[in-house]
Amino acid sequence: MGATDSKLAFRKGVFRLFEERHIPPSDDYWSLFWTIPETADDVFSLIGASDVRRARDNARENLETLIDKTIDRMEAITNAPNFPSAQYSINHLLNCCRIMTRIMPYIYESPECSEWEDSFFWTPRLVEKKAPENSEDETIKGTFDEQQQQHQHQQQQEPVIDTKPQPQYDTLPPRGEVFLSLVIRCLFLAGFTLPISMTTKDSRVVYAIWEAGVGSSKEIGTYKDNEMNRTEVLRLLTVLLSKSMYISSSQLLSKEDLWLRFVAAKTERKIVLVVLCSLMNTACKYDPIGWGVPYNHVLIANPREKLVTMCLRVLLILLDYRSPRISHWMRHIDQQQTKNSLNGSTADVEENDIQNAPDQSAGKLNAGTPEMNDSEHFPVETSTITAPIESINESEGNVFRHYLSKLHRSQDFEFLMDGMYRILLNPLQASNTYLPGSTKRVECNIEVMMLCWRVMEINLKFRTYLMETERALDLMVVLIYYTMENRSNVAQVGLVRMCTFILQTLSSDRTFGVKLNKQFVSQSYLPALIRIPASHGTYGDFLIISIFSLIATTRGTLSTLYPALVLTISNVSPYLKNLSVTSSSKLVGLFSSISAPGFLLADESNYRLLSYLIEAFNNIIQYQFTDNPNFVYAIVRNHAKFERLRDLSFTNALAEIERLRQLKESKIQTDQGPEENKSVVETNNGPDVNKSQESLAENPSSPRNTGSNSEGNSEESQAIQNTKLFAQGLSESPEGQDFSRTPQRQGSISSTISTPSVLPGAKHGFVPTEEWWSRWHSQLPLQPILLLLEHLVPQVEAKCAAESLTTDAQVLEFLRQITLVGILPHPQPIFIRKFQWGEALFIWFRSMLWGQAYVSSLSEYGAWNGTQVKLFQIKQQVAPTHQQRQSSENPTPSPRISLASNSQQPSTSQ
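Procedures and definitions
- Residues numbered from 1 in each chain as written.
- Predicted model: local features only at pLDDT ≥ 70, side-chain atom pairs only at ≥ 80, totals over all residues.
- Heavy atoms only, no water.
- Helix = DSSP H or I, 4+ residues; strand = E, 2+ residues; numbered from the N terminus.
- Buried < 20%, exposed > 50% of the residue type's maximum accessible area, 1.4 Å probe, protein only.
- Contact = heavy atoms within 4.5 Å.
- Areas by Shrake-Rupley, 256 points an atom, 1.4 Å probe, with all protein chains shown as cover.
- UniProt positions renumbered as here; feature names shortened; annotations may be inferred.
- Phe/Tyr/Trp six-rings, centres within 6.5 Å; stacked < 30°, edge-to-face > 60°.
- Lys NZ or Arg CZ within 6 Å of the ring centre and 35° of its normal.
- Core = buried A, V, L, I, M, F, W, Y, C linked by side-chain atoms within 4.5 Å.
- Salt bridge = Lys/Arg side-chain N within 4 Å of Asp/Glu carboxyl O.
- Axes fitted to C-alpha atoms, helices over the stretch in contact; angles between N-to-C directions.
- Parallel < 35°, antiparallel > 145°, perpendicular 65-115°, else oblique.
- Left-handed = near helix turned anticlockwise from the far one by under 90°.
- Nonpolar A, V, L, I, M, F, W, Y, C, P; charged D, E, K, R; others polar.
- pLDDT = per-residue confidence, 0-100.
- Expected span 1.5 Å × (residues − 1).
- Polar contact = N/O pair within 3.5 Å; in protein donor to acceptor, adjacent residues only side chain to side chain.
- Disulfide = S-S within 2.5 Å.

Across its full length, the protein chain carries 42 helices and six strands. Burial analysis of the protein chain (910 residues in total) assigns 55% to the buried set. Considering only contacts within the protein chain whose residues lie at least 6 apart along the sequence, 80% involve residues at least 24 apart. Of the roughly 40,600 Å² of accessible surface on the protein chain, 49% is carried by carbon and sulfur atoms.

So, in structure tokens, the structure goes:
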């Protein structure tokens, strides 16, 4: 639309859409919408949001006519034998797609249009049949037939009776089905989205897979114009399937999306396979680096990334559909979890959900050395905590999920994983270059991460492939990088949450736990953000240290993810071998933090984390004792912490919290100036936890200090600072004392509980009681650890005193020779707690998916920009100042739009 007069004419035509009522369908006015615009920018700039809303509210019949005329025009173009031509041009078809992309979000956003939308788009239409025309022979016969003349003579004598035949109707499919079928046909239209050379004698619609890969080994030779047209059509399809954005979270599962249901459940098998393979292959064949020329993205724009992003988005939307039966089961699960006081947590499970292993298997383990080789199966049967929803087929009602679950060839899995890993690795490569900004950082990595999770969930054979080929270890490193990079970015908390859940999913596989014992030899090539200096440990060490760093550096902002992180350690603990000194000290430091009174009393379910971590310690001791002398030594050196937890009572826990609070107040009062106040606050916030832990690992205490007095002030300070990481608002003293020690000024239990500063959980309505404390404290599985300490601590002390052992290596060698046969109690079964979907998590994932689509669309035309979205909230983020940008360590600017789901935030592991 180069001329100003043409733009003005089109703009006046838009005004007519809502100013004039009942515009006839035969009017040439309707052709202006697909003949005059030249670009998508013309359509989105000249058709304003207020224009569509006024037509929707004041002249809805005109909006109906526009939709009907646009659909008819698209059908005429796709069926035209001479497409493309001047009469049926490519630009006309593109403008039809752009017009519908522009107006459909404003139909979805209005609650008053809900009934009209269902009636207009999803009600079968009745069209009157045309009366059959008489042939020429019948006309001649009727003119000269004597019998007919006699019949007419009799009718003239008889009274006149109206014998006019009743009209007959044909039932046409609903407009929504016709429209979606047309859009899918446009994705495979020769001369538009496919090369024109693929035209056949029968039709121009050829259902051929776009790229070689899964389901096809043949390249069709796509041109740049074909890819740009695919992007336009996929954008329209995304908008048509975006009704979920305008449904509140409370109605998301109860109100079915008819648009999504038709595509995901009622599409023909042949079309489903072609669409599925085309979307997957296009996304997985994308190489963001290309030839690897530095700064090539600055010189040449690559529109293929937009196509890849749209393919990923449409594929994720289709795979996210669940039938009403699955949705009903999700609500049932959440109701059952709420009844069991689990607050919708996917990580927490009740004791009666755990199936104990057979007694004879445990007996065999107790009779011998509790160690296993990688090639041997554990005699204790693995008890799997699974969701009730796994008893039914989640692919039910979704043909895309069904066929994705049927993939089984290793070359297909290799193709998918290579493509997804290539894109997931891009941020690591972009941040680890000698030339800043020389490698382009793609923006579709979040969608690729979501797709990887979906494929792992739907296709169990793909997950097995990841474990057997060790690609799961590569994926684990990428997941840790994403979590560490975005741990402080509020706008990307959903990405951190997703990566944490994927880690828990990986940890539920025994093969993954065994593979973690492989030595991590390429850490020096990792970005500095996740690189562990001078580390020569295993992947298990890397996982444990990274989880500890994630918890220690976030200071409680990711507290809802603590259960998933702790359960990840617990799931892999029976298989870990040769843990390093650093990772062993991190585990003990994590235990110190979780077992602190301030953390245990801060929330009603925090004790579960302590139980899971102790369970992980027991697994390492009972199944891999000989292969983990560093870990055993760390427990022996810190035996007083476990003994204090055993003897810790509810009264002493409250007294310790009160003592720490008073000590902080006294320190603040004794400080002289604001600088000292600031330093005290920073000390209490615990920024030096990593330093204290690393110093503990690098310079462990002497073997002689492993007695009852080995817990010095430095370790107490470390434990108190770790506690601060979990309970914000609770201030600890840098000088620790025994929990049973009487504080300087101790109030009564009732007065202590009533003080919000003493009990942070009271702010959220939780008030701990003696009965609550006794119920879970007596159930802590401390017996194996205490028996271990009772057996080893005297021997280590005696050995150090008798032989004058002065190095840790001597003590470690001594521990390797000790056996625990007959010392430990009956071995506990291995509990594998899998990630479990529920209603809250389903809503969270869908809101994250559509939120990502919303934010990404703002850089282009913003089809949903300015509409009344109900699934999530859009929060404008304040732009950083110049000084803040200069001091930022992360060169990648954070987005200025953050997403906050309207749904209830998943608790605990959610």
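After that view, the rundown keeps rolling.
Looking now at the UniProt feature "coiled-coil region" (unreviewed entry) in the protein chain. The residues that UniProt annotates with the feature "coiled-coil region" (unreviewed entry) are residues 49-80. Here residues 49-80 is 94% helix and 0% strand, with 33 Å between the C-alpha atoms at its ends.

Mapped onto the elements of the fold, Asn 606 is located in helix α30 (residues 606-623). A residue is classified by how much of its surface remains accessible, and Asn 606, at 11% relative accessible area, is buried. Contacts of Asn 606, omitting those with residues within four sequence positions, involve Phe 599 and Leu 600.

Glancing now at the packing of aromatic side chains. Applying the stated rule across the entire model yields 44 aromatic pairs. Relative to Trp 773, the ring of Phe 650 has its centre 6.1 Å away and its plane inclined at 55 degrees; by these criteria the two rings are tilted. Of this pair, Phe 650 sits in helix α33 (residues 650-670) while Trp 773 sits in helix α38 (residues 770-777), and the two are 123 residues apart along the sequence. Like Trp 773, Phe 650 is buried. In textbook terms, an aromatic cluster arises when at least three aromatic residues are bridged by ring pairs, as seen for Tyr 108, Trp 116, Phe 120, Phe 121, Trp 122, Tyr 246, Trp 259 and Phe 262. A cation over a ring is seen here: Arg 16 above Tyr 29, with NZ or CZ 4.7 Å from the ring centre. Sitting above the plane of the Tyr 421 ring, Arg 471 keeps its charged end 5.5 Å from the centroid.

It is worth spelling out unusual backbone geometry at this point. Following Phe 83, the chain continues into Pro 84 via a peptide bond in cis, with omega recorded as -5 degrees. The residue Pro 84 is located in the loop between α5 (60-79) and α6 (90-108) in this model. We note that Asn 578 has phi near 55 degrees; this positive angle belongs to a residue other than glycine. Looking at the secondary structure, you find Asn 578 in the loop between α27 (562-572) and α28 (581-594).

Counting 244 residues, the largest nonpolar core has Phe 33, Trp 259, Met 476 and Met 498 as its most contacted members. If you look at the next biggest cluster of nonpolar residues, it comprises five residues, including Val 514, Tyr 623, Ile 830 and Ile 832.

This part takes up the environment of Cys 284. Within the secondary structure, Cys 284 sits in helix α13 (residues 269-284). For Cys 284 and Gly 419, which are 135 residues apart along the polypeptide, the C-alpha to C-alpha distance reads 3.9 Å. Setting aside its immediate chain neighbours within four residues, Cys 284 contacts Phe 415, Leu 416, Gly 419, Met 420 and Arg 422.

Taken as a whole and judged by the stated rule, the model has 36 salt bridges. Measuring nitrogen to oxygen at the nearest pair gives 3.0 Å for the salt bridge that ties Arg 646 to Asp 647. Several salt bridges converge on common partners, so that one network encompasses Asp 320, Arg 322, Arg 401, Arg 454, Glu 457 and Arg 846.

Contact geometry for helix α21 (residues 445-458) and helix α23 (residues 471-485): axes closest at 13 Å, N-to-C directions at 135 degrees. The angle between α21 and α23 falls in the class oblique. Considering the relative orientation of α21 and α23, their crossing is left-handed. Facing Asn 445, Met 449, Cys 452 and Met 456 of α21, the residues of α23 in contact are Leu 475, Val 478, Leu 479 and Tyr 482. Looking at side-chain class alone, the contact of α21 with α23 contains seven nonpolar, one polar and no charged residues.

Mean pLDDT over the protein chain: 78, with 72% of residues reaching 70 or higher. Confidence drops under a pLDDT of 50 for residues 882-910, and excluding neighbours within four residues, the segment shows 75 contacts in the predicted structure.

With 16 residues, helix α26 (residues 539-554) extends 23 Å from end C-alpha to end C-alpha; this agrees with the ideal 22 Å at 1.5 Å per step. Buried residues dominate α26, accounting for 15 of its 16 residues. Sitting at the amino-terminal end of α26 is Thr 538, which places a side-chain oxygen 3.3 Å from the backbone nitrogen of Gly 540. Of the residues trailing α26, Arg 555 is marked for its positive phi of about 55 degrees.

Glancing now at α27. Within α27, 11 of the 11 residues are buried, which leaves the element mostly enclosed by the surrounding structure. Taken residue by residue, α27 has Tyr 562, Pro 563, Ala 564, Leu 565, Val 566, Leu 567, Thr 568, Ile 569, Ser 570, Asn 571 and Val 572 as its buried positions.

Mapped onto the secondary structure, Phe 631 falls in helix α31 (residues 629-637). Residue class for Phe 631 comes out buried when judged on its relative accessible area of 0%. Taking the C-alpha atoms as reference points, Phe 631 and Val 588, separated by 43 residues in sequence, lie 8.6 Å from one another. Leave out the neighbours within four places in its chain, and Phe 631 touches Leu 579, Ser 584, Leu 587, Phe 617, Ile 620 and Ile 621.

What follows is about the state of the cysteines. All chains considered together, the criterion is met by zero disulfides. Counting only cysteine sulfurs, Cys 284 is the nearest neighbor of Cys 452, a cysteine outside any disulfide, at a range of 9.7 Å. According to the relative accessible area criterion, Cys 452 is buried, its value standing at 0%.

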